[in-house]
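Here is how the chains run, residue by residue.
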Amino acid sequence: ERSWNLRPLPASPVHSYSGRSSLMGTAHVKSILALAEFVRSGARIAPIGPQQLQFTATLHCDPARLLLRTVHDAQHGSAHFTGQALLDGEPVQADLTTRIEIREGDGPLQGFFKLTWPGRHTLSARFLGHARTGSITAALSVIGGQGPYANASGEGSVVGYHAGPIGQPITFDIRIQLS
C-alpha cells in the first residue's frame, strides 16, 4: 500500500498574457498531478480524530469451533462467529470469539471482536457482555488493530438477537466510537 505525503508545494508566480501574476506555476501543476496520481491509485486517507462506526451484522457460528460442555447445570465453552457487514458501503469481515458460561439461558460472555477490511486493515476490541434467552448485550473496548487502526482506542456497544440454542446465527447492532 502506498503512503502519500500531500503537502502544498510552494507556488511560483507566472506572468499571464495580461501581465498579471498567477499562481498557476510549475509547482501548482505538480501538486495537481500528485493529487491526480493519489486518486488514481485508489489509496485512502486514514481518518484523523474521533470516528464513529455503526453497522448491523449477522454472524454465524463455525460448528468446528463451538465447544460446549454441561457442568453442574451450566453450559461452559467457547464459540467463534463470523459474518460480513457493510460499513460505509465497503464489505467488512466481522469475527467474534467468545467464552460462554450460560445457566438457564442467562450468563456472562467475554472474548474478542475483530473487523477486517479489504487490504487487511483490522480493528480489534475486547468484548464483555451478558447473554439472556434471545439476546446479548456487551461493551466493547478497542485495543488496536493494523493499518490506519494500529493505535486506535475507543469503546462501543453491542446488542445481539438470536433464536434457539447457543450456536445459532446472531444479528448484532454494533456501535464503536474511536478516539
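Criteria and thresholds
- Residues numbered from 1 in each chain as written.
- Predicted model: local features only at pLDDT ≥ 70, side-chain atom pairs only at ≥ 80, totals over all residues.
- Heavy atoms only, no water.
- Helix = DSSP H or I, 4+ residues; strand = E, 2+ residues; numbered from the N terminus.
- Buried < 20%, exposed > 50% of the residue type's maximum accessible area, 1.4 Å probe, protein only.
- Contact = heavy atoms within 4.5 Å.
- Areas by Shrake-Rupley, 256 points an atom, 1.4 Å probe, with all protein chains shown as cover.
- Phe/Tyr/Trp six-rings, centres within 6.5 Å; stacked < 30°, edge-to-face > 60°.
- Core = buried A, V, L, I, M, F, W, Y, C linked by side-chain atoms within 4.5 Å.
- Salt bridge = Lys/Arg side-chain N within 4 Å of Asp/Glu carboxyl O.
- Pairing = 2+ DSSP bridges.
- pLDDT = per-residue confidence, 0-100.

Here's the deal with the overall build of the protein
Then, in step 1: A count of helices and strands for the protein gives one helix and eleven strands.
Then, in step 2: Reading the helices (α) and strands (β) of the protein from amino to carboxyl end gives β-β-α-β-β-β-β-β-β-β-β-β.
Then, in step 3: Counting every position in the protein, which comprises 179 residues, the buried fraction comes to 31%.
Then, in step 4: Within the protein, counting contacts between residues at least 6 apart in sequence, those at least 24 apart form 42% of the total.
Then, in step 5: Within the structure as shown, the protein displays about 11,200 Å² of accessible surface, and the carbon and sulfur contribution to it stands at 55%.

As for the packing of aromatic side chains
Given two aromatic rings, their pairing is described by the distance between the two centres and the angle made by the two planes.
Then, in step 1: Taken as a whole and assessed by the stated rule, the structure comprises one aromatic pair.
Then, in step 2: With a centroid separation of 4.9 Å and an interplanar angle of 20 degrees, the aromatic rings of Trp117 and Tyr149 are classed as stacked. Taken together, the positions of Trp117 in the loop between β7 (107-116) and β8 (122-132) and Tyr149 in the loop between β9 (135-146) and β10 (154-162) put the pair 32 residues apart, joining distant regions of the chain.
Then, in step 3: On the basis of relative accessibility, which here comes to 7%, the residue Trp117 falls in the buried class.

Comments concerning the nonpolar core
Soluble globular proteins tend to pack their nonpolar side chains together in the buried interior.
Then, in step 1: Judged by nonpolar contacts, the single largest core of 34 residues is most densely connected at Phe113, Leu115, Leu123 and Ile176.
Then, in step 2: At the level of secondary structure, the elements contributing two or more residues to this core comprise β3 (51-61), β5 (74-87), β6 (90-102), β7, β8, β9 and β11 (170-178).
Then, in step 3: Setting aside residues up to four positions removed in sequence, Leu123 forms contacts with Leu53, Phe113, Lys114, Leu115, Trp117, Val142, Gly144, Gly145, Tyr149, Ala152, Ile176 and Leu178.

Overview of the pattern of salt bridges
Then, in step 1: In total, this model carries two salt bridges according to the counting rule given.
Then, in step 2: Between Glu101 and Arg99 there is a salt bridge, with its nearest N and O atoms 3.4 Å apart.

Re the pairing of β5
Then, in step 1: Pairing between β3 and β5: two bridges, direction antiparallel. Bridge pairing links His60 to Thr82 in β5.
Then, in step 2: Taken together, the 13 bridges between β5 and β6 define a ladder with antiparallel strand orientation. Along β6, the bridge assignment pairs Ala85 with Val92.
Then, in step 3: As consecutive antiparallel partners, β5 and β6 are separated by two residues, and within that stretch Asp88 has a phi angle of approximately 55 degrees, a positive value.

Examining the environment of Gln168
Then, in step 1: Tracing the backbone through its elements, the reader meets Gln168 in the loop between β10 and β11.
Then, in step 2: Placed 108 residues apart in sequence, Gln168 and His60 show a C-alpha to C-alpha distance of 6.8 Å.
Then, in step 3: Other than its neighbours up to four places away in sequence, Gln168 contacts Phe81 and Ala163.

Describing unusual backbone geometry
Apart from glycine, the bulk of residues carry a negative phi angle, and the bulk of peptide bonds sit in the trans form.
Then, in step 1: With a phi close to 55 degrees, Asp88 is a non-glycine residue in the positive phi region.
Then, in step 2: At Arg120, a residue that is not glycine, the phi angle is positive and equals roughly 75 degrees.
Then, in step 3: Relative to the helices and strands, Arg120 resides in the loop between β7 and β8.
Then, in step 4: Using a relative accessible area of 63% as the deciding quantity, one classes Arg120 as exposed.

As for the confidence of the model for the protein
As a general rule, the predicted coordinates of low-pLDDT regions are not to be interpreted in detail.
Then, in step 1: Across the protein, the average pLDDT comes to 79, with 72% of residues at or above 70.
Then, in step 2: Note that residues 41-48 has pLDDT below 50 and, in this model, ten contacts with residues that lie over four places away or in other chains.

What to know about the pairing of β3
Every other side chain in a regular strand lies on the same face of the sheet, so the side chains alternate between the two faces.
Then, in step 1: Of the two faces of β3, the one holding Gln51, Leu53, Phe55, Ala57, Leu59 and Cys61 is buried and the one holding Gln52, Gln54, Thr56, Thr58 and His60 is not buried anywhere.
Then, in step 2: In this structure, β3 lies alongside β11, joined through nine bridges in antiparallel fashion. Residue Leu53 lies in a different strand from β11, and its bridge partner there is Ile176.

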